[in-house]
Structures are given as structure tokens and as C-alpha cells.
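Observations on chain architecture
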Amino acid sequence: MNSNREMLMRNVQLADFGVIETNLFLDTHPYSKEAMSAFEEYRRAAAEAREAYEKNYGPLTATAEPLGNNWEWVQSPWPWQMEE
């Protein structure tokens, strides 16, 4: 797999992990300003990482913004598929 593609996917995964973990923390600490701030940072980072990946390699989900006039969801390899 392309090392740039791997790096962009890793960025999506890391940011998504931060969103999920801070979301879980906020479930038990809903008034934590620090956690809410971290959640917003991770949420922004996840959106940016996903946008960068999709711009270069196509959509990660079927609900992603279309990048062209044709259905690209099945055109590129799935994120877990390795390219030879």
C-alpha cells in the first residue's frame, strides 16, 4: 500500500479514536470543559483527516461527499485492502 495513503488513513484512525474516547469520557463527565475542548479538537482533526484522505483516495463511506459525476464508492480499494 502507498505510504502516503497509509499515513492519511492512520491520521483518520487516530483522530476518530480521540473523538470516541473523549465522547465516552464526556458521558460520565458532562461538565468537563477540558474534555469538551479536546472533543472539539479531535472532531475537527477527524473531519480534516477524512477530507484529506477522500480528496486523494476516494470516499471512506457511502455518505461521503461525491467527488465527481459517477459513483466512486466501489471504484477504489476498500480501506482495509492492500494494493499490490
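Structure: see above.
Notes on the structure in this doc start here.

What counts and what doesn't
Residues numbered from 1 in each chain as written. Predicted model: local features only at pLDDT ≥ 70, side-chain atom pairs only at ≥ 80, totals over all residues. Heavy atoms only, no water. Helix = DSSP H or I, 4+ residues; strand = E, 2+ residues; numbered from the N terminus. Expected span 1.5 Å × (residues − 1). Buried < 20%, exposed > 50% of the residue type's maximum accessible area, 1.4 Å probe, protein only. Contact = heavy atoms within 4.5 Å. Phe/Tyr/Trp six-rings, centres within 6.5 Å; stacked < 30°, edge-to-face > 60°.

For helix H1 (residues 3–28), spanning 26 residues, the distance from its first C-alpha to its last is 38 Å, which sits close to the expected 38 Å at 1.5 Å a residue. Along H1, the positions that sit buried rather than exposed are Arg5, Leu8, Met9, Val12, Ala15, Gly18, Val19, Thr22 and Leu26. Against helix H2 (33–57) lie the buried residues of H1.

What follows is about the packing of aromatic side chains. Enumeration according to the criterion identifies 1 aromatic pair in this entry. When the ring of Tyr53 is compared with that of Tyr57, the centres are 5.4 Å apart and the planes differ by 45°; the resulting orientation is tilted. Note that Tyr53 and Tyr57 are positioned in helix H2 at a spacing of 4 residues, about one turn of the helix. Looking at Tyr57, the relative accessible area reads 18%, which means it is buried.

From the geometry alone we can't say anything about function, so treat these as descriptive.
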